Each structure stands twice: as structure tokens, then as C-alpha cells.
Amino acid sequence: QVTLVEYGGGLVQPGGSLRLSCRASGFTFSSADMSWWRQAPGEERERVAVIAWNGRSTNYADSVKGRFTITRDNSKNFVYLQMNTLRPEDTAVYFCSTAQGSLKYWGKGALVTVSS
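Predicted, not measured: the structure shown is a model, and the values here were computed from it.

Participant: Residue-level account of the overall build of the protein chain, with values.
Facilitator: Broken down by element type, the protein chain carries zero helices and eleven strands. Secondary structure elements in the protein chain, listed N-terminal to C-terminal, are β-β-β-β-β-β-β-β-β-β-β. Against the 2.2 N^0.38 benchmark of 13 Å for 116 residues, the protein chain shows a C-alpha radius of gyration of 13 Å, consistent with a compact globule. Along the first, second and third principal axes, the C-alpha set of the protein chain runs to 40 × 25 × 25 Å. Considering the protein chain as a whole, with its 116 residues, one finds that 41% of them fall into the buried category. Pairs at least 24 apart in sequence give 52% of the contacts found in the protein chain among residues at least 6 apart. Split by element, the accessible area of the protein chain, about 6,200 Å² in all, is 47% carbon and sulfur. For the protein chain, the distance from the average site of its 13 positive side-chain charges to the average site of its 9 negative ones is 8 Å.

Structure, rendered in C-alpha cells:
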């Protein structure tokens, strides 16, 4: 079955950096577009970044453009989110996601807290 597991969340000061990792299994990772989403308390889940199956195309939410970078390693079945110049408003649970046919799959999420 499709399994997505996020790693790397934690507490970071404003202006700091953090890298999230997501290990994928149960599907053909190298053929799948992958995305990162986040959900802050009381807010709707929003898509942060998406990367094409071959890594050649990426897209970012305006709120993170220039600060976050999504990459993938198809040899290891991992997708990453490098987050730089973090702000308190980046505090959220971050989820890795993929769509297989009509179904969308999610990891359990990793909490990122940006606070001094």
C-alpha cells in the first residue's frame, strides 16, 4: 500500500533553516509527481510546493517562493523540502502527498514551529 513518512520537523528560530524529508513506498515513485502541503492551526491545508516525476518542473506557493526548494531522489524514493529564512507564519504541520489515479495519499505530517 502507499506509504508516505515525513522526517525532519522541529523548532527553529526565525530566519533559520530546516529540511524535511519524505520516504515513499508502495507505488512507482519515479513516475509520480510529489507535493508538500502544510496546515496551520485553524487554517485550511495549502499546497506549498510540487515537483514533477522527473524533477524537471517545480511550482511554489507565492508565500514560500524564493525561500523553499523542493527536490527528489528517485533512486532512494525520497522527496525533500529545504526551507530557508523561516518565518513565524511558516509554523504548521507539513505533509507529503501524492496522487495515484483518483486517490490522494498523505503522510502523517511533521510539525514545524518557527519561534524565538
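After presenting the structure, the write-up continues.
Participant: Talk me through the sheet that holds strand S8 (residues 78–83); I want residue IDs and the actual numbers.
Facilitator: Here we have four strands laid out as an open sheet, ordered S1-S3-S8-S7, and antiparallel in their pairing. Where the open sheet ends on each side, the last strands, each with one partner, are strand S1 (3–7) and strand S7 (68–73). Each neighbouring strand pair of the sheet contributes to a mean axis angle of 15°, computed without reference to strand direction. Pairing geometry for strand S3 (residues 18–25) and S8, over six bridges, is antiparallel. Counted as the bridge partner of Leu18 is Met83 from S8.

Participant: Describe in detail the packing of aromatic side chains, supporting the description with residues and values.
Facilitator: This structure, assessed with the given rule, holds four aromatic pairs. With centroids separated by 6.2 Å and ring planes inclined at 55°, the aromatic side chains of Phe27 and Phe29 adopt a geometry described as tilted. For Phe27, a relative accessible area of 13% corresponds to the buried category. An aromatic cluster of three or more residues is present, and its members are Trp37, Phe95 and Trp106.

Rules of the game
- Residues numbered from 1 in each chain as written.
- Predicted model: local features only at pLDDT ≥ 70, side-chain atom pairs only at ≥ 80, totals over all residues.
- Heavy atoms only, no water.
- Helix = DSSP H or I, 4+ residues; strand = E, 2+ residues; numbered from the N terminus.
- Rg over C-alpha atoms; globule rule 2.2 N^0.38 Å.
- Buried < 20%, exposed > 50% of the residue type's maximum accessible area, 1.4 Å probe, protein only.
- Contact = heavy atoms within 4.5 Å.
- Areas by Shrake-Rupley, 256 points an atom, 1.4 Å probe, with all protein chains shown as cover.
- Lys, Arg positive; Asp, Glu negative; His and termini not counted.
- Charge placed at Lys NZ, Arg CZ, Asp CG, Glu CD.
- Pairing = 2+ DSSP bridges.
- Axes fitted to C-alpha atoms, helices over the stretch in contact; angles between N-to-C directions.
- Phe/Tyr/Trp six-rings, centres within 6.5 Å; stacked < 30°, edge-to-face > 60°.

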